[in-house]
There are 2 protein chains.
Amino acid sequence: MIKPGIPKGTRDFGPVVVRKRNYIFQTIRETFEVFGFQPLETPAMENLSTLTGKYGEEGDKLMFKVLNNGDIYTTAQHAKDNKELVAAVTEKALRYDLTIPFARYVVMNQHELALPFKRYQMQPVWRADKPQKGRYREFYQCDADVVGSNSLLNEVELLLIYDTVLTQLGMQGYELRINNRKILFGLAEVIGKTDLLTDITISIDKLDKIGADGVRKELQERGLTDSDIATIEKFLAIDGSSDEKLSQLKDLLQSSETALKGIEELSFVINSGYTSFNTAPIIDVTLARGLNYYTGMIVEVKAPASVKMGSIGGGGRYDDLTGLFGLKGISGVGISFGVDRIYDVLEELQLFPEAAQQSTKVLFLNLGEASARTAFGYMMQLREKGIAAEIFHENAKMDKQMKYADKRSIPYVIILGESELQENTMSIKNLTNRRQDKIGAAELLNYDF
Amino acid sequence: MIKPGIPKGTRDFGPVVVRKRNYIFQTIRETFEVFGFQPLETPAMENLSTLTGKYGEEGDKLMFKVLNNGDIYTTAQHAKDNKELVAAVTEKALRYDLTIPFARYVVMNQHELALPFKRYQMQPVWRADKPQKGRYREFYQCDADVVGSNSLLNEVELLLIYDTVLTQLGMQGYELRINNRKILFGLAEVIGKTDLLTDITISIDKLDKIGADGVRKELQERGLTDSDIATIEKFLAIDGSSDEKLSQLKDLLQSSETALKGIEELSFVINSGYTSFNTAPIIDVTLARGLNYYTGMIVEVKAPASVKMGSIGGGGRYDDLTGLFGLKGISGVGISFGVDRIYDVLEELQLFPEAAQQSTKVLFLNLGEASARTAFGYMMQLREKGIAAEIFHENAKMDKQMKYADKRSIPYVIILGESELQENTMSIKNLTNRRQDKIGAAELLNYDF
């Protein structure tokens, strides 16, 4: 008999963890809903033709491909190398993110959808990344996107969603860092090197990790001149309040129309006057974000500095996502919550509320058939009132039954001994504070569990 | 550009369907929880060694296997046939049901679990069945199981869960048909053909479809004598009230101790005196259920006869499930809800409540910046109160904005024109009954949306 296990990088979630995760999902879901976002669910498997080439070469490698059913031996014979073999025996892969399936859905349903279409989606995705601390091969994404609207009100609302959810989760000290891709493009334009846009943003993005000297060295290696680098360093030195930053950006990048457009957009998002934030977004000119499809605002959410967790969410505007599937000119903007990391933050800061950790509230002890029958009736009354209750499954020793309550962290035990049965009462033991009450049967539904 | 699609037998669930499905999931989940069941989630992928051989040969064929990442070309070279090739290039498969992963979890966590362990699990499973009406390659299972308890109270509670959930869903006329595998075994024992147990039960199970003559013919073909068949026909003729059925069973099968045990168990479940049902379970001696691991009570839930949907759930007791993974002597009993079919039943009987179909409640029209800014504030007040509200994303023609509300089935539209802004009021249009109210801004949170 082989000792059973689960695939590398995957996890079982036991009751305690599922409840806490559901608390996070539920908080996010409720916020998505009150903001008018609509739920969508797509299949775990997508056709390879939908996914291939959408996540770069690395993505194609890290996709979990699903073997065709039936005979694969014959088709496999003709394959001359690994790539041909994979192509011959697979035509589906597991969902790699929620964005491409969403784009695919929008294109397939374009004639039925009311635009703008505001959708949210909370489902697992799979990636064959090397498993390591905090990185799994199966993990949930929670995304909200709006397609079919250029209005910057969407950017404001999405930032508000972050602000609302994180506040509701009790988090303090998180940061909503924002930037605009047009500003980064404008910077490359100002120094006359738009072809090096990606190189510049990749290097800038590392400022936190490798410092100013590191960035300078990288930029030199990537073929930028001293004069280019001087401009970039001025850019990186931008500092002060949001308004000060915006004004410095305007000064430095005034020759680029694209940059000015980006600055205007950023300015609207910061100073829209439509609403106020619990934690106001911060302009971070070094923020670049990896995915190349972003074209407008980009956002990254940092966990409170005390927990050293880094990013717990991010997103941005992309101008032509559905274009990948032939539907041009539909702009989109979206955000994503990193639930696994948010879980770790809440755990570390002990922010999970009592309610998210509670399962069964009341255990009725089983003291033999007569007692158990009466107990069963009371138990059903509690259940009908929505209070989770159990009766121990057999007339075991009191000690064993109490141990079960303890191990399951059930806070109340109800005892119906002979005297209680005669008196039509019950004894309620609070296992948290060891207090014991005796109440009349009629009072059960008013008892403050 | 290839027209995008999704794999055969899979589905996208748009907003309206997701909400209705969530209503079903939520009703089931809440009932599982008040009955003291604990949530569990297992990975979508399991090791092939966990799954292979657990679902019969057919199951092994219908599993979706996941291609190993990295180079498969080299390992594939040595394969001499299809089976060897599949074994050389895969080591994981998608979850085929929730029972085997549950058994695997129990064995892996046996030292931490408080027994009896009552778990529920609601996750998708994947099977490469031929897609057809009502049969999909990706579908949800919703299971509740108890392991580590022989008490028949569990059977009673699981039947109560069906009764509670279906009543809460507003279904009437459903049937909880129950039987006991020991009775079927006893029947085979009485006619001295326990080796033909499977043949007998398979034929009996078809009574509904092929009629008494059909069953007789099948039994003959399967090698049963006329005298055997006479006994089986007496068995099938058992009829009347539950007590009458139990007494006829006792008469017919008195020579089998196993049968008598099964009858006693069935009798307890029917007449436990612990509780009452909205719809009392019915004894159906022809009920067999396919999976061979059942050893005690079996149950099947039939949809109301008017909808012709057949089974919408089922389950039973199995005595040695974890034995598959080396942990002997742990009895289990469980039930499963067929969510896709329940969905169809509720749809056909129009039982989905209004609340399960509602998304955004209020749309604020966008009548230019000054109006929109004020509207945004009101909108946030509604959202904080948990009322889903949106503002149209741009100052478009009234007509376009009303069309959006209509297409999205948003029931209320709020208008802040110049006069409303001056008066500090707002006009609320009910799109369902066409009524229009004008209220003071301070009354918004008390308005009965």
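About the cut-offs
- Residues numbered from 1 in each chain as written.
- Chains lettered and ligands numbered in written order.
- Predicted model: local features only at pLDDT ≥ 70, side-chain atom pairs only at ≥ 80, totals over all residues.
- Heavy atoms only, no water.
- Pairing = 2+ DSSP bridges.
- Helix = DSSP H or I, 4+ residues; strand = E, 2+ residues; numbered from the N terminus.
- Axes fitted to C-alpha atoms, helices over the stretch in contact; angles between N-to-C directions.
- Contact = heavy atoms within 4.5 Å.
- Buried < 20%, exposed > 50% of the residue type's maximum accessible area, 1.4 Å probe, protein only.
- Least-squares fit on C-alpha atoms with pLDDT ≥ 70 in both.
- Buried area = accessible area lost by both parts, 1.4 Å probe.
- Salt bridge = Lys/Arg side-chain N within 4 Å of Asp/Glu carboxyl O.
- Core = buried A, V, L, I, M, F, W, Y, C linked by side-chain atoms within 4.5 Å.

Engineer: How do you make sense of the sheet that holds strand β16 (residues 436–440) of chain A when you look at a structure like this?
Structural biologist: Residues and elements named next belong to chain A. With respect to topology, 5 strands assemble into an open sheet ordered β13-β12-β14-β15-β16, the strand pairing being mixed. A single partner strand is all that each edge strand has here, and the edge strands are β13 (389–391) and β16. Shown here is a sheet whose adjacent strand axes are inclined to one another by a mean of 25°, direction ignored. The sheet contact formed by strand β12 (residues 362–364) and β13 spans 3 bridges and is parallel. In the strand pairing of β13, F364 is matched with I391. Each of β12, β13 and β15 (425–430) touches helix α15 (residues 369–384); the most contacted strand, β13, lies at about 165° to it.

Engineer: Whenever I open this one, the pairing of strand β9 (residues 294–302) of chain A confuses me. Can you help?
Structural biologist: The side chains of a regular strand alternate between the sheet's two faces. Residue and element names in this part refer to chain A. Most of β9 sits inside the fold, with 7 of its 9 residues counted as buried. With 6 bridges connecting them, strand β7 (residues 175–180) and β9 associate as antiparallel partners. Among the inter-strand pairings, L176 is bridged to a residue of β9, identified as V301. Judged from the 6 bridges that link them, β9 and strand β10 (residues 311–318) form a sheet pairing that is antiparallel.

Engineer: It is not clear to me how the relation of the copies chain A and chain B should be interpreted in this structure. Could you clarify?
Structural biologist: For the pair of chain copies, the relating operation is a rotation around an axis with a shift along it. For the pair chain A and chain B, the best superposition has an RMSD of 0.0 Å and corresponds to a rotation of 180° with a translation of 0.0 Å parallel to the axis. Overall, the copies show the geometry of a two-fold rotation axis. Among all C-alpha atoms of chain A, that of A:V66 lies closest to the rotation axis, at 2.2 Å. When the interface residues of chain A are mapped onto chain B, 100% of them again lie at the interface, so the same face is used by both copies.

Engineer: Please explain the interface of chain A and chain B as it appears in this structure.
Structural biologist: Note: interface size is frequently given as the accessible area lost on complex formation between the parts. Opposite the 107 residues of chain A that make contact, chain B presents 107 residues. A combined buried area of about 8400 Å² lies between chain A and chain B, and 61% of that area is made up of carbon and sulfur atoms. When the area that chain A buries against chain B is broken down by residue, the three leading residues are A:E41, A:Y274 and A:H393, summing to 9%. On the surface where chain A and chain B come into contact, there are 8 salt bridges.

Engineer: So what exactly am I meant to see when it comes to the pattern of salt bridges here?
Structural biologist: Two side chains carrying opposite charge are able to pair once their charged atoms lie near each other. Residue and element names in this part refer to chain A. Overall, the coordinates contain 54 salt bridges over all chains when judged by the stated rule. Of the charged contacts in the structure, one is a salt bridge between R11 and D340, with a shortest N-O distance of 2.9 Å. On the criterion of sequence distance, the pair formed by R11 in the segment before α1 (15–34) and D340 in helix α14 (residues 339–348) is long-range, its members being 329 residues apart. Between E347 and K20 there is a salt bridge, and its shortest N-O distance comes to 3.2 Å. Taken together, the residues span a long stretch of sequence, with E347 in helix α14 and K20 in helix α1 at a distance of 327 residues. Three or more residues are tied together by salt bridges with common partners; here these are D199, K206, E218 and R222.

Engineer: I'm lost on the sheet that holds strand β10 (residues 311–318) of chain B in this one. Help?
Structural biologist: Within a beta sheet, neighbouring strands are joined by backbone hydrogen bonds and run either parallel or antiparallel to one another. Residue and element names in this part refer to chain B. Pairing in this open sheet of 8 strands is mixed, and the strands run β1-β5-β6-β11-β10-β9-β7-β8 from one edge to the other. Taken across any chain shown, the strands that pair with only one partner, and hence form the sheet edges, are β1 (38–39) and β8 (282–283). Packing of helix α7 (residues 153–168) onto the sheet brings it into contact with β5 (117–126), β6 (138–147), β7 (175–180), β9 (294–302), β10 and β11 (332–337), and relative to β11 it is tilted by some 10°.

Engineer: Please explain the nonpolar core as it appears in this structure.
Structural biologist: Generally speaking, a soluble globular protein has its nonpolar side chains buried in company with each other. Ranked by internal contacts, the top residues of the largest apolar core, which has 121 residues, are A:F235, A:F337, B:F364 and B:F449. The element that contributes the greatest number of residues to this core is helix α7 (residues 153–168) of chain A, accounting for 9 residues. In this structure A:F235 touches A:I183, A:L184, A:L187, A:I204, A:L249, A:L252, A:L253 and A:V285, once residues within four positions along its chain are discounted. If you look at the next biggest cluster of nonpolar residues, it comprises 120 residues, including A:Y378, B:F37, B:L51 and B:F102.

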